[in-house]
Amino acid sequence: MTDLRTDELRVDRAETGARSNWIEGEDEDWIKPLIHQAHWAKEFAYCPYSKFRVGAALLAHDGTVFTGCNVENASHNLGLCAERTAVVKAVSQGYQSFKAVAIASDLEDQFISPCGGCRQFLREFGDQRSVYLSKPDESYKKMTVEDLLPVSFGPEDLKRKRVFTTDKITSNTIVSSVGGNALQSNSDQGRR
Ligand SMILES: O=c1ccn([C@H]2C[C@H](O)[C@@H](CO)O2)c(=O)[nH]1
Ligand SMILES: [Zn+2]
């Protein structure tokens, strides 16, 4: 049994009226439908504790949209944000290339802004992605992941040259660096 209702939703070209190259093109007729989908996703929010509904709509480069809502839990720290729900849905369905994300809440006078954890989560897939912060009237403010998380740490940093690499670390050896000098102490030294 397959329920496609909340799976992959496309920003329909008939709805946007955009040209066939809309996804690469300069016109951005997809923005309003994307924001609309974020607000639609907000309706599914499971937030009995905070009573604060959030929705997200993540646009992949091929035009597929993945929606997400916040999903809270009686064990409070396990709650998931809407943005992360959308990213996890997309990645688990084989998508890793994103163009934009729209975020929606019920805040009357403020554009909903992603939390620090979600900023980092989004940054994993590129810091130039567009982030549309919206209000309930579907007005929006465009930012990038980099605007929201400047001087960030990302997957590229794990590939940069380091003074230590794990091949110098053996299972029972602690390696640390003080003022550029490498100190090695094994568990025997630790007991003295
Ligand atoms: O950008 C945001 C901000 C908050 N929340 C959720 C987390 C929690 O469920 C509720 C209140 O913080 O809102 C999101 O999903 N996204
Ligand atoms: Zn968050």
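Residues numbered from 1 in each chain as written. Chains lettered and ligands numbered in written order. Predicted model: local features only at pLDDT ≥ 70, side-chain atom pairs only at ≥ 80, totals over all residues. Heavy atoms only, no water.

A.B. asks: Mind showing me how you'd approach the site of ligand 1 here?
C.D. replies: In the region of ligand 1, the neighbouring residues are S50, F52, V54, N70, E72, C81, A82, E83, S113, P114 and C115. Note that an oxygen atom of ligand 1 is positioned 2.5 Å from one of the side-chain N or O atoms of E72. Measuring from an oxygen atom of ligand 1, one finds a backbone N or O atom of A82 at 2.8 Å. When isolated, ligand 1 has an accessible area of 370 Å², and the protein chains bury 77% of it. A breakdown of the residues in the shell around ligand 1 according to their chemical character gives 6 nonpolar, 3 polar and 2 charged. (Near = heavy atom within 4 Å. Polar contact = N/O pair within 3.5 Å; in protein donor to acceptor, adjacent residues only side chain to side chain. Areas by Shrake-Rupley, 256 points an atom, 1.4 Å probe, with all protein chains shown as cover. Nonpolar A, V, L, I, M, F, W, Y, C, P; charged D, E, K, R; others polar.)

A.B. asks: It is not clear to me how the coordination of the zinc ion (ligand 2) should be interpreted in this structure. Could you clarify?
C.D. replies: For a metal with four tetrahedral donors the ideal donor-metal-donor angle is 109.5 degrees, whereas six octahedral donors ideally subtend 90 or 180 degrees. Coordination of the zinc ion (ligand 2) by the protein involves C81 (SG), C115 (SG) and C118 (SG), with metal-donor separations of 2.2 to 2.3 Å. Positions of the donor residues of the zinc ion (ligand 2), expressed as sequence spacing, correspond to C-x33-C-x2-C. Here C115 lies in the loop between β4 (98-105) and α4 (116-123) and C81 lies in the loop between β3 (64-69) and α3 (82-91), a separation of 34 residues in the sequence. C81 gets classed as partly exposed once you look at its relative accessible area, which sits at 24%. On the accessibility criterion, C115 (32% relative accessible area) is partly exposed. (Donors = N, O, S within 2.8 Å, 3.2 Å for Na, K, Ca; no water. Helix = DSSP H or I, 4+ residues; strand = E, 2+ residues; numbered from the N terminus. Buried < 20%, exposed > 50% of the residue type's maximum accessible area, 1.4 Å probe, protein only.)

A.B. asks: Hey, could you run me through the UniProt feature "binding site: Zn(2+)" (unreviewed entry) in the chain in this one?
C.D. replies: Per the UniProt annotation, the sites labelled "binding site: Zn(2+)" (unreviewed entry) are C81, C115 and C118. These residues run over 38 residues, yet every pair of their C-alpha atoms falls within 8.5 Å of each other. Non-local contacts of C115, meaning those with residues more than four positions away in its chain, are made with C81, E83 and R84. In this fold, C118 is placed in helix α4. Assessed through its relative accessible area of 0%, C118 is described here as buried. Setting aside residues no more than four positions away along its own chain, C118 makes contact with C81, E83 and R84. (UniProt positions renumbered as here; feature names shortened; annotations may be inferred. Contact = heavy atoms within 4.5 Å.)

A.B. asks: What should I look at first to understand α4 in this one?
C.D. replies: Helical periodicity: at 3.6 residues per turn, an α-helix aligns residues three or four positions apart in one direction. When we look at burial in α4, the residues that qualify are C118, R119, L122 and R123. Buried residues in α4, looked at end-on, bunch into an arc of 140 degrees, giving them a common side. (Arc of directions from axis to C-beta.)

A.B. asks: Help me understand the confidence of the model for the chain, please; the structure alone is not making it clear to me.
C.D. replies: Detailed reading of predicted coordinates is not advised where the pLDDT is low. The share of residues in the chain with pLDDT of 70 or more is 72%, and the mean pLDDT across the chain is 83. Confidence over residues 1-26 falls short of pLDDT 50; this stretch has 52 contacts with residues more than four positions distant or in other chains. Residue range residues 177-192 is modelled with pLDDT below 50. Its contacts to residues more than four positions away, or to other chains, number 17 contacts. (pLDDT = per-residue confidence, 0-100.)

A.B. asks: Sorry, what's going on with the pattern of salt bridges here?
C.D. replies: Two side chains carrying opposite charge are able to pair once their charged atoms lie near each other. Under the definition given, this model contains 6 salt bridges. E28 is the salt-bridge partner of K142, the closest N and O atoms lying 4.0 Å from each other. Placement of K142 in strand β6 (residues 140-144) and of E28 in the loop between α1 (13-16) and α2 (31-42) is noted, with a sequence separation of 114 residues between them. Here the residues in one salt-bridge network are K42, E43, R53 and D106, joined through shared partners. (Salt bridge = Lys/Arg side-chain N within 4 Å of Asp/Glu carboxyl O.)

A.B. asks: What is the right way to look at the packing of aromatic side chains in this model?
C.D. replies: Two descriptors summarise a pair of aromatic rings, namely the distance from one centre to the other and the angle between the planes of the rings. Evaluated as defined, the whole model comprises 5 aromatic pairs. Ring geometry for W30 against Y132: centres 5.9 Å apart, planes inclined by 85 degrees, an arrangement best described as edge-to-face. With W30 in the loop between α1 and α2 and Y132 in strand β5 (residues 130-134), this pair connects stretches of sequence that are 102 residues apart. You'll find W30 and Y132 in the same group, each marked buried. (Phe/Tyr/Trp six-rings, centres within 6.5 Å; stacked < 30°, edge-to-face > 60°.)

A.B. asks: Which parts of the structure should I look at to understand the environment of P48?
C.D. replies: Mapped onto the fold, P48 is located in the loop between α2 and β2 (54-60). By relative accessible area, which is 32% here, P48 ends up partly exposed. C-alpha separation for the pair P48 and A74, spaced 26 residues apart in sequence, amounts to 8.9 Å.

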